[in-house]
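Below, each chain spelled out in residue letters.
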Amino acid sequence: MGGVNRAASSPGPSTPPPLPASPGRGDPHEQTGAPSKPSASPTSSVLGLAPVIPVVVLHDAADAVPLARALVAGGLPAIEVTLRTPAALDAIRAVTDEVPEAVIGAGTVLTPGQVEAALTAGSRFLVSPGWSPRLLGAMKDSGVPFLPGVSTASEVVTLLEEGITEMKFFPAEAAGGTAYLKSLAAPLPQARFCPTGGIGLASAPSYLALPNVGCVGGTWMLPDEALATKDWDRVRRLAQEAAALAA
Ligand SMILES: O=C(O)C(=O)C[C@H](O)[C@H](O)COP(=O)(O)O
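Described in the following lines is the structure provided in the data block. What you see is a predicted model; the values in this text were computed from it and never measured. (Residues numbered from 1 in each chain as written. Predicted model: local features only at pLDDT ≥ 70, side-chain atom pairs only at ≥ 80, totals over all residues. Heavy atoms only, no water.)

1. Let's talk about unusual backbone geometry
Leaving glycine aside, a negative phi is the common case for residues, and trans is the common case for peptide bonds.
For step 1, the next point in the chain: Of note, the bond from F170 into P171 is cis; its omega dihedral lies within 30 degrees of zero at -10 degrees.
For step 2, the next point in the chain: Inspection of the secondary structure assignment puts P171 in the loop between β7 (166-169) and α6 (177-185).
For step 3, the next point in the chain: Backbone geometry places T108, a non-glycine residue, at a positive phi of 55 degrees.
For step 4, the next point in the chain: Inspection of the secondary structure assignment puts T108 in the loop between β3 (103-107) and α3 (112-121).
For step 5, the next point in the chain: Overall, the relative accessible area of 17% leaves T108 in the buried class.
For step 6, the next point in the chain: One non-glycine residue, K230, adopts positive backbone phi at about 55 degrees. (Helix = DSSP H or I, 4+ residues; strand = E, 2+ residues; numbered from the N terminus. Buried < 20%, exposed > 50% of the residue type's maximum accessible area, 1.4 Å probe, protein only.)

Now the structure itself:
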């Protein structure tokens, strides 16, 4: 599978539509470690979906559709809805049904049961802050692209042994930030990351400039007050600002 995190096995309980072409930041480097960022095969790579992935924590599923429309309008079509709230699966379902331009995925996926529930709701990619052998097995069987989370070199080596080359680097700032990722790039150029955790508009460009970073995740374009007041226009403007980082 060219080193990307997508299993060749049968798809999960629901078969999501193919992922759209995107302005993503590139495929894995295969085994070359070359610093170029070629265009991704959008069907197989979370890192190729978009340079910035908003991480959404939703308490009211009714907010999902206007929120997703605002993010898409601002230029951030790949959206991670964390399974941290009871509203998350309904939110994923609603966006799947009503905002086909969005590429909706599930975050905070911790168990094989959550993998299945996320797929049934329509998730087109899966993200976890960490991983376990059981979770990794379920993600590999899911048929959609996925990002297990890592924060150490040993975890990266272990996932590379499993044929996994795309990972979430979490918690990015607390685990060593850009300096840590630069240090990993020399011995482990095959591994590519979506750093997430503590990243904002000001720090995102320094991550995106690294050869082993395909995209960054974050919540900075979704301030609590904007969600509380349903200020979708503010979300759209913040998304636009975030999307412009890739230009
Ligand atoms: O929910 C998960 O699965 C996580 O891994 C945590 C999120 O990625 C962070 O909460 C991102 O939030 P910020 O630090 O505000 O950008």
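Moving on from the model shown.
2. Concerning the site of the ligand
For step 1, the next point in the chain: The ligand sits among T82, R84, T108, P129, K168, F170, T196, G197, G198, G218 and T219.
For step 2, the next point in the chain: Here an oxygen atom of the ligand and a side-chain polar atom of K168 are 2.8 Å apart.
For step 3, the next point in the chain: G198 has a polar backbone atom sitting 2.7 Å from an oxygen atom of the ligand.
For step 4, the next point in the chain: Within the complex, 82% of the 410 Å² of free accessible area of the ligand lies under protein.
For step 5, the next point in the chain: Of the residues belonging to the shell around the ligand, the class tally is two nonpolar, seven polar and two charged. (Near = heavy atom within 4 Å. Polar contact = N/O pair within 3.5 Å; in protein donor to acceptor, adjacent residues only side chain to side chain. Areas by Shrake-Rupley, 256 points an atom, 1.4 Å probe, with all protein chains shown as cover. Nonpolar A, V, L, I, M, F, W, Y, C, P; charged D, E, K, R; others polar.)

3. Re the pairing of strand β8 (residues 192-195)
For step 1, the next point in the chain: A two-sided burial pattern is seen for β8, the buried positions comprising R192 and C194 on one face and F193 and P195 on the other.
For step 2, the next point in the chain: Sheet topology places β7 next to β8; four bridges connect them, and they run parallel. Bridging from a neighbouring strand, K168 pairs with C194 of β8.
For step 3, the next point in the chain: In this view, the connection linking β7 to its parallel neighbour β8 by way of α6 has right-handed handedness. (Pairing = 2+ DSSP bridges. Right-handed = clockwise from strand over helix to strand, strands pointing away.)

4. Focus on the pairing of β3
For step 1, the next point in the chain: The element β3 is largely enclosed, with a buried count of five among its five residues.
For step 2, the next point in the chain: Residues of β3 alternate between two faces, with V103, G105 and G107 on one and I104 and A106 on the opposite face, all of them buried.
For step 3, the next point in the chain: Of the strand pairs in this sheet, strand β2 (residues 78-82) and β3 are connected by five bridges, and their pairing is parallel. Each bridged residue has a counterpart across the sheet, and for E80 the counterpart in β3 is G105.
For step 4, the next point in the chain: One crossover worth recording links β2 to the parallel β3 by way of helix α2 (residues 88-98), and it is right-handed.

5. As for helix α9 (residues 232-243)
For step 1, the next point in the chain: Taking 1.5 Å of rise per residue, the 12 residues of α9 would be expected to cover 16 Å, and the 16 Å separating its terminal C-alpha atoms lies within 8% of that figure.
For step 2, the next point in the chain: Looking at α9, one finds that the buried residues are W232, V235, L238, A239 and A242. Mapping the buried residues of α9 onto a view down its axis gives an arc of 120 degrees, with all of them on the same face.
For step 3, the next point in the chain: On its buried side, α9 packs onto β1 (52-56), α1 (64-73) and α8 (224-228). (Expected span 1.5 Å × (residues − 1). Arc of directions from axis to C-beta. Contact = heavy atoms within 4.5 Å.)

6. Quick word on α3
For step 1, the next point in the chain: Within α3 the residues assigned to the buried category are V115, A118, L119 and A121. Within α3, the buried residues cover an arc of 160 degrees as seen down the axis, which keeps them to one side.
For step 2, the next point in the chain: Buried positions along α3 lie against α2, β3, β4 (126-127) and α4 (133-141).
For step 3, the next point in the chain: Downstream of α3 by one or two residues, G122 has phi in the positive range, about 115 degrees.

7. Details of the environment of A191
For step 1, the next point in the chain: Note that A191 resides in the loop between α6 and β8.
For step 2, the next point in the chain: Along the backbone, A191 and N212 are 21 residues apart, and their C-alpha atoms lie at a distance of 6.8 Å.
For step 3, the next point in the chain: Leaving out residues up to four positions away in the same chain, A191 has contacts with V156, L160, T165, M167 and N212.

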